[in-house]
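Residue strings, one per chain:
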Amino acid sequence: MADPAPARSPWLLSAPGLILFAALLGAPLILTVMLSFYQFDYSTGGIQPAFSLVNYLDVLTDSYFHRIFGRTFGVALLVTVICILIGAPEAYILNRMRNPWKSIFLLIVIGPLLISVIVRTLGWALLFGSQGGISTALQWLGVVDEPVSLMFTMTGMTIALVHVLVPFMVLAVWASLQRLDPQVEDAALTLGASQATVLRRIVLPQVMPGILSGSLIVFSLTASAFATPSIIGGRRLKVVATTAYDEYLSTLNWPLGAAIAIVLLVATAIVIMSYNRLIERRYARVFA
Amino acid sequence: MSFLRLDSLTKQFGDFLAVDNLSLDIEQGEFLSLLGPSGCGKTTTLQMIAGLHVPSAGTIELEGRDLTRVAPNKRGLGIVFQSYALFPHMTAAENIAFGLEMRGIAKAERDERVRRALDQVRLSAFAERHPKAMSGGQRQRVALARALVIEPPVLLLDEPLSNLDAKLREEMQLELRILQQKIGVTTILVTHDQSEALSMSDRIVVMERGRAVQVDTPLALYEAPGNAFVSGFVGKTNLMAGEIAGPESLTVKDVQLSADHGGLAKGTAVRVSLRPEKIVLSDVGDGLTAKIGTAVFHGSHWLYTLDAPLGDLIAVAPNTGAPPWPSGTQVSLSWPRSALLVLPVEADHG
């Protein structure tokens, strides 16, 4: 065999994917970056194709945007933590179930992913309203005296996002649980550890990579979530994605919208990359 | 009063009887092997002793204390699992220290005992390694040290050597036996490898379908197997179908052979076992002759296949440095009279 062929074939084989990726993701991204440096003329509504940092200065110095970015990453953090608290134990319990229950419950967990996010969120909107199921139930139970609405609240937005994203956490932890040797738990038990100690000292450290990668997925999906915040949070609780949308479609200030989107992208990328670095440094040695 | 006593131990999984009414008395310091093919209930028995399975019936007593319902983490037994079951996120030293930590032993003493345990299994240089960075034999020794460091009254070994290659396995057999004798810990080994059981044990329990078929010393088991299953499972043997012909004789394929059979009635069908190394080959003389089939060289000995009137036999002859019998040669067969073992026919064996 000639030598160059093997060297070229990986490129040839991945070319279709690379081209698709470059055309559909790379090109719009570059256009967005370029757009974010253009200037918007409020009086005429026109866009000046001139290089300027004014949009970025707006986003980075205006306290209005600070609040929106703070809210977005605050919600992302909160949703991630709740997803860990719900998803990790859920995956562990699922993993210990026997068939057919295991398969049935796994399907139930993944179920939400089979339904459109809009439909799911509208379902939550029905429940959250002051005439909705939750309000009625709380009144009936005597917890509250008058109708409560979770619409346009952080609580409502968090609940709906957790519901959408918890399957990702379950799947990530589930995957790392599959690699666990059940005899290892037995070994810890016979060495005198209680069930709680086995969970804390033996199981948890081993599924940590799963929990960490699950939280990466959940965090980045929450930070860029659009449908759920726009329906449950509305204009009262703007997040970065809905703000960018409004700049594009309401104000028609495309350059500012583009700048907001790019700042979100860069901020999320920084968070994810430093987090990933942390995981690798801690766990590569052990689980390589 | 024996040290560890299993009394009528039974374990049922649904319709399947994994362990059937097993009773054993194990002395302190004894090395006992549970030997049998897979599915014979040996591992289930071990796991019941460990507390990982609850017996359906029967009791387990250690030094007169009833252990049957005691949780596994309260039994204090040392166990080496087949997969070693090391904690992958801990170093060798941390793995070994875990049991001591669970017992609330102070850090200083813990470190000292871990150091000694590592020393005992010759792994002092590997204390800070993670299991992933160790070889199979090293992991095996960490697992052993982890089980021994808690100074358990009983050490349970679940096929501990089955994941090692042949040469390492033999080394570890010797090492394990020497260590066990030095420490004097009562040990129960589960294995399907008869040579492992023969070489390491004080006594062997041969198990089949959840029952103990024979409990004996390795030598007694080899020389006087109780039935055809044991004789076939422990060591190599030539098993033949025979019929009692007289007070001191029997026939195999119409060939009359003399044997002690303890006064069975004429015409009784029996199984006859003849170990290959008991057959002596010589130049054609009187008596039984056979034709040499193939000679297989094993270094220390030759293994011959023989075409004899009794059927196809195998024979083993020590390597004396001389060339082997060539294929097709007619040879005379002889053996000490006691080498021919007469065993009962079991109805349900093929």
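Because the structure is predicted, anything quoted here is derived from the model rather than measured.

## Here we look at the sheet that holds strand 1 (residues 4-13) of chain B
Residue and element names in this part refer to chain B.
Piece 1. Taken together, the four strands give an open sheet; going across it, the order is 2-1-4-5, and neighbouring strands pair in antiparallel fashion. This sheet does not close on itself; its edge strands, each paired only once, are strand 2 (16-26) and strand 5 (65-66).
Piece 2. As defined by bridge partners, strand 1 adjoins strand 4 (residues 57-62) across five bridges and the pair is classed as antiparallel. Looking at strand 4, one finds that Leu-4 is bridged to Leu-62.

## Considering the pairing of strand 19 (residues 330-334) of chain B
Piece 1. Looking at chain direction, strand 15 (residues 280-283) of chain B and strand 19 of chain B are connected through four bridges and run antiparallel. Opposite Val-280 of chain B, over in strand 19 of chain B, you have Ser-334 of chain B as the bridge partner.

## Quick word on the interface of chain A and chain B
Piece 1. At the junction of the two partners, chain A supplies 19 residues and chain B supplies 20 residues.
Piece 2. Elements represented by at least two residues in the side of chain A that touches chain B include exactly helix 8 (182-190), helix 9 (195-223) and helix 12 (254-287) of chain A.
Piece 3. In terms of residue count, the dominant contributor to the side of chain A that touches chain B is helix 8 of chain A (seven residues).

## A look at the sheet that holds strand 16 (residues 289-297) of chain B
Residue and element names in this part refer to chain B.
Piece 1. In spatial order, the strands read 15-19-16-17-18; together these five strands make up an open sheet with antiparallel pairing. Edge positions in the open sheet fall to strand 15 and strand 18 (311-318), since each of these has one partner strand only. Strand after strand, the sheet turns through a mean of 45 degrees between neighbouring axes, direction not considered.
Piece 2. Here eight bridges tie strand 17 (residues 301-308) to strand 18, and the two strands are oriented antiparallel to one another. Bridging across to strand 18, His-301 finds its partner in Pro-318.

## Brief notes about the environment of Met-157 of chain A
All names here are of chain A.
Piece 1. Mapped onto the fold, Met-157 is located in helix 7 (residues 154-178).
Piece 2. Remark: the alpha-carbon pair of Met-157 and Leu-199, spanning 42 residues in sequence, is separated by 32 Å.
Piece 3. Those residues within four positions of Met-157 in sequence are excluded, and the remaining contacts are Val-75, Thr-228, Pro-229, Ile-232, Gly-233 and Leu-237.

## Observations concerning the domain arrangement of chain B
Piece 1. What the domain assignment lists for chain B is domain 1 (4-228) and domain 2 (236-344).
Piece 2. For domain 1 of chain B and domain 2 of chain B, the distance between their C-alpha centroids amounts to 38 Å.

## As for the nonpolar core
Piece 1. One finds Ile-96, Leu-118, Ala-145, Leu-156, Ile-188, Val-205 and Val-206 of chain B to be the most contacted residues of the largest nonpolar core, which totals 100 residues.
Piece 2. Shared between two domains, this core takes at least three residues from each, and those domains are domain 1 (4-228) and domain 2 (236-344) of chain B.
Piece 3. Ignoring any residue separated from it by four or fewer positions in sequence, one finds Val-206 of chain B in contact with Leu-35, Gly-36, Val-213, Gln-214, Leu-221, Val-230, Phe-233 and Val-234 of chain B.
Piece 4. Among the nonpolar cores identified, the runner-up in size contains 48 residues, and Leu-150, Leu-165, Trp-174 and Val-207 of chain A belong to it.

Calculation notes
- Residues numbered from 1 in each chain as written.
- Chains lettered and ligands numbered in written order.
- Predicted model: local features only at pLDDT ≥ 70, side-chain atom pairs only at ≥ 80, totals over all residues.
- Pairing = 2+ DSSP bridges.
- Helix = DSSP H or I, 4+ residues; strand = E, 2+ residues; numbered from the N terminus.
- Contact = placed C-beta atoms within 7 Å.
- Axes fitted to C-alpha atoms, helices over the stretch in contact; angles between N-to-C directions.
- Domains from an automatic or database assignment.
- Core = buried A, V, L, I, M, F, W, Y, C linked by C-beta atoms within 7 Å.
- Buried ≥ 20, exposed ≤ 12 C-beta atoms within 10 Å, placed from the backbone.

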